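Residues per chain, in single letters:
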Amino acid sequence: MTAASAPGEPAIDAAINHPTRLAVVAFLSACDEAEFAIVRSSCQVSDSMLSKIASALEGIGYLAIRKGYVGKRPRTWLSLTPAGQQALALHIAALQGIAATARQAGAEAGAEARRS
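Read on for a plain summary of the structure. (Residues numbered from 1 in each chain as written. Predicted model: local features only at pLDDT ≥ 70, side-chain atom pairs only at ≥ 80, totals over all residues. Heavy atoms only, no water.)

### A short note on the overall build of the protein
Stage number 1. Secondary structure assignment for the protein yields 4 helices and 3 strands.
Stage number 2. Seen in sequence order, the protein has helices and strands lined up from the N terminus as α-β-α-α-β-β-α.
Stage number 3. Its C-alpha atoms give the protein a radius of gyration of 18 Å, more than 25% over the compact-globule value 13 Å for 116 residues.
Stage number 4. Each principal axis of the C-alpha distribution contributes one length, and for the protein these read about 75 × 30 × 20 Å.
Stage number 5. The buried share among the 116 residues of the protein stands at 28%. (Helix = DSSP H or I, 4+ residues; strand = E, 2+ residues; numbered from the N terminus. Rg over C-alpha atoms; globule rule 2.2 N^0.38 Å. Buried < 20%, exposed > 50% of the residue type's maximum accessible area, 1.4 Å probe, protein only.)

### A short note on the pattern of salt bridges
Stage number 1. Under the defined criterion, the tally for this structure stands at 4 salt bridges.
Stage number 2. The partner of arginine 75 in a salt bridge is glutamate 35, and the shortest N-O contact between them spans 2.9 Å. Residue arginine 75 is found in strand S3 (residues 73–80), and its partner glutamate 35 is found in strand S1 (residues 34–35); the two are separated by 40 residues along the sequence.
Stage number 3. Classification of glutamate 35 as partly exposed rests on a relative accessible area of 23%. (Salt bridge = Lys/Arg side-chain N within 4 Å of Asp/Glu carboxyl O.)

### Overview of unusual backbone geometry
Stage number 1. Backbone geometry at glutamine 44 places phi at a positive 55°, although glycine is not the residue there.
Stage number 2. Tracing the chain through its elements places glutamine 44 in the loop between helix H2 (36–43) and helix H3 (47–59).

### Quick look at the packing of helix H1 (residues 19–29) against H3
To characterise two packed helices, one gives the angle between the axes of the helices and the distance between these axes.
Stage number 1. Close contact between H1 and H3 brings their axes to 11 Å; oriented N to C, the two are set at 75°. Considering the angle they form, H1 stands roughly perpendicular to H3. Facing H1, whose interface residues are Thr20, Arg21, Val24 and Val25, H3 presents Met49, Leu50, Ile53, Ala56 and Leu57.
Stage number 2. Of the residues contributing to the contact of H1 with H3, the split by class is 7 nonpolar, 1 polar and 1 charged. (Axes fitted to C-alpha atoms, helices over the stretch in contact; angles between N-to-C directions. Parallel < 35°, antiparallel > 145°, perpendicular 65-115°, else oblique. Contact = heavy atoms within 4.5 Å. Nonpolar A, V, L, I, M, F, W, Y, C, P; charged D, E, K, R; others polar.)

### Observations regarding the sheet that holds S1
Stage number 1. Read from one edge to the other, the open sheet built from 3 strands follows the order S1-S3-S2, with strand pairing classed as antiparallel. Edge positions in the sheet fall to S1 and strand S2 (63–70), since each of these pairs with one other strand and no more.
Stage number 2. The pairing of S2 with S3 spans 8 bridges and is antiparallel. Residue leucine 63 lies in a different strand from S3, and its bridge partner there is leucine 80.
Stage number 3. Against the sheet, H3 engages S2 and S3, with an angle of about 125° to S2. (Pairing = 2+ DSSP bridges.)

This is the structure in structure tokens:
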């Protein structure tokens, strides 16, 4: 959230603004939980990169990490927390607001240029 915004208002979130982090959060927003390897493959990142991202997002409460086994093989599952879901929604709303403002300014500038 930016310093100028109030809680619950659209704002660019620095924690998920980087394209790779945004991809991970967006992917997880569409499912209850996903296995680490599936997130890694879908977001086209390395194990170490996803591990760093997951740890950072878990540290701020946006992501939950669950470890367990499938048979005898260890597995890690990632899921977005309610705080992560809200952060993504507010981040996307802020991006949409920026785009809408820019489109409106462009339309007005184009109309002004045609009148000249």
